[in-house]
Every structure is written in C-alpha cells, then in structure tokens.
Amino acid sequence: MIIVNLDVMMAKRKISLGELSDRVGITPANLSILKTGKAKAIRFSTLDKLCKILDCQPADILEYEYSEDEMED
Amino acid sequence: MKNQTNKLPFATIIAMAMTLLTALLVVAMTIFLPSILDFYLEYVSGGNASYISTHKTPILVLLYAALVPVYAAVAGLFMLLSNVHCGRVFTRSSVRLIGILSACVYAESVICAVLSRYFILGAVLCFAALLLGTLLLVVRSVIAQATEIKAENDFTV
C-alpha cells in the first residue's frame, strides 16, 4: 500500500493546500484527493512539480507499506 | 456531469420514445390479454369449447407471468436512459441496471420455453431471448470495465 505524506511536507514547508495547488497547476480538489490518500495514480509531471515546490524527494511524499490485503497480479 | 446543452442526442430521443411506446403496449396487453387470447383460441380451435377451456387458463397464467419481467425491464430501461441523459453512464448504477435487464431477458426466455409447449413461436422467442440476455451480459462486462478505467482516470492526479 502506498501512503502519501503530502500533509507532512506541506506542514514542514508551511504551505497551504490552495497555494500548493495553484503553484502545481492542479485543482485544490485533486490535490485534496492526493493528500487524503484517495488517489489511484499520480502523473510523473505532477510528482515532479510537487518535489520542486516542496524541495524534497519523491520518497518524502510517497511511502510503501506492506498490507496483507494486497493481491498479487 | 450533466449535458452541457439541454438538447438530447437523437439516439436517446428514439430510445426514450421506444421505451415509452413499449410501456404503453405492455399496459394495453395487461388489460386486453384475456380478450386477445379468447380470439386466438377460437381461431385456432375452430370454436372447440373443450380445447379452449383446457388451454385458456395455463396459457393466460404464462402470458401474465411473461409480462412481469417486461415491466421490470421497461422500468430498468427508463432508469438507464435517465442515467445516460444526466451523463452518469459509467457508474455502478448503470452496470447494475444492465445486469437487471439481462436477468429480465433470461427470465423471459424461461417463460417462452414453457410457452413453446403451446406455441411453436415460443421456442424461437426463447432462443432470441437467450441470445439477447447473453449480449446484455457482455455489454455489462464492457461497461463495468469502462467504469473501472474511468474511476482510475478520475482519481489520477
């Protein structure tokens, strides 16, 4: 399971959801979907912008956690 | 997502008109079925009262039973068309409604199979209903997959 730690990075950089969404170029609704872990996929372009604005690595935003509910494809 | 304009596509108008016409026809059949059956049995048996009396009740019961899935299918079709009009095509509701339509058609095929004992046309209708039910199941699978793809797309940031 992929955990999104966007709220942690936003708190560290003291940036609000509205401001971050403006600078990334996506709607606050979409950013909220990502922040609350409801997103099913993220584009590399979006991840690139997030890392640039938050001055961090993808691993600072995305974390993998083993879950017993995961099914092998 | 509602339609940007209030104009319905031509295909949707035709579908709605056909569904409304079917609904009216089914209601008319419900009311006039005994009279139609009387007329048909008189014609087939040449006025044989014993033939009419032995066959009328079971055929009438089967024909009224056949109307139940039709009512359900017409209601399902109206709801599906409403979904299409409101732009809610690739939703779980639409997938469920197509599944219900398929079940109604399969139920109709079973009733037609029993009716084929009295009318040879019943066997033909049974096969046609089986084919249509299978086609609807395939369409349901396609719409279900499209719904999954759309959900994934909608939640791609």
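Residues numbered from 1 in each chain as written. Chains lettered and ligands numbered in written order. Predicted model: local features only at pLDDT ≥ 70, side-chain atom pairs only at ≥ 80, totals over all residues. Heavy atoms only, no water.

## Describing the overall build of chain B
Looking only at helices and strands, chain B has four helices and zero strands in total. Along the chain direction, N to C, the helices and strands of chain B fall in the order α-α-α-α. A compact globule built from 157 residues should have a C-alpha radius of gyration of about 15 Å, whereas chain B, at 20 Å, is more than 25% larger. Along the first, second and third principal axes, the C-alpha set of chain B runs to 75 × 30 × 20 Å. Expressed as a percentage of contacts within chain B between residues at least 6 apart in sequence, the contacts between residues at least 24 apart total 69%. Chain B carries 9 positive and 6 negative side-chain charges, and their two centres are separated by 7 Å. (Helix = DSSP H or I, 4+ residues; strand = E, 2+ residues; numbered from the N terminus. Rg over C-alpha atoms; globule rule 2.2 N^0.38 Å. Contact = heavy atoms within 4.5 Å. Lys, Arg positive; Asp, Glu negative; His and termini not counted. Charge placed at Lys NZ, Arg CZ, Asp CG, Glu CD.)

## Here we look at the interface of chain A and chain B
It is common to report an interface's size as the accessible area lost on association of the parts. If you look at the interface, chain A gives eleven residues, while chain B gives five residues. When chain A packs against chain B, close to 770 Å² is buried across both sides, 65% of that on carbon and sulfur atoms. The largest share of the area that chain A buries against chain B comes from K40, A41 and R43 of chain A, three residues that together contribute 56% of it. At the boundary of chain A with chain B, the tally comes to zero salt bridges. The interface formed by chain A and chain B holds five residue pairs in polar contact (both at pLDDT 80 or more) in total. Broken down by class, the residue content of the side of chain A that touches chain B amounts to six nonpolar, two polar and three charged. (Buried area = accessible area lost by both parts, 1.4 Å probe. Salt bridge = Lys/Arg side-chain N within 4 Å of Asp/Glu carboxyl O. Polar contact = N/O pair within 3.5 Å; in protein donor to acceptor, adjacent residues only side chain to side chain. Nonpolar A, V, L, I, M, F, W, Y, C, P; charged D, E, K, R; others polar.)

## Section: the side chain of T19 of chain B
All names here are of chain B. Tracing the backbone through its elements, the reader meets T19 in helix 1 (residues 10-45). Judged by its relative accessible area of 3%, T19 is buried. Polar contacts involving the side chain of T19 include one to the main-chain carbonyl oxygen of A15, which spans 2.7 Å. The contacts of T19, once residues within four sequence positions are left out, are V74, L77, F78 and L81. (Buried < 20%, exposed > 50% of the residue type's maximum accessible area, 1.4 Å probe, protein only.)

## Quick word on the environment of K49 of chain A
Here K49 of chain A shows up in helix 4 (residues 44-54). When the C-alpha positions of K49 of chain A and L20 of chain A are compared, they lie 9.8 Å apart, and in sequence the two are 29 residues distant.

## Description of the pattern of salt bridges
Tallying each qualifying case throughout the model produces four salt bridges over all chains. Where K52 of chain A meets D48 of chain A, a salt bridge forms, and the shortest distance between an N and an O atom there is 3.9 Å. Of this pair, K52 of chain A and D48 of chain A both sit in helix 4, four residues apart, which is roughly one turn of that helix. Assessed through its relative accessible area of 63%, K52 of chain A is described here as exposed. A relative accessible area of 43% means that D48 of chain A is categorised as partly exposed. Note that K150 of chain B and D154 of chain B form a salt bridge whose closest N and O atoms lie 2.8 Å from each other. Here K150 of chain B and its partner D154 of chain B are both found in helix 4 (residues 121-154), four residues apart, which amounts to about one turn of the helix. The class for K150 of chain B is partly exposed, based on a relative accessible area of 35%. Overall, the relative accessible area of 41% leaves D154 of chain B in the partly exposed class.

## Some remarks on the side chain of T147 of chain B
Residues and elements named next belong to chain B. For T147, the position within the fold is in helix 4. For T147, a relative accessible area of 11% puts it in the buried group. Once you skip the residues sitting within four places of it in the chain, T147 turns out to touch F90, T91, R92 and V95.

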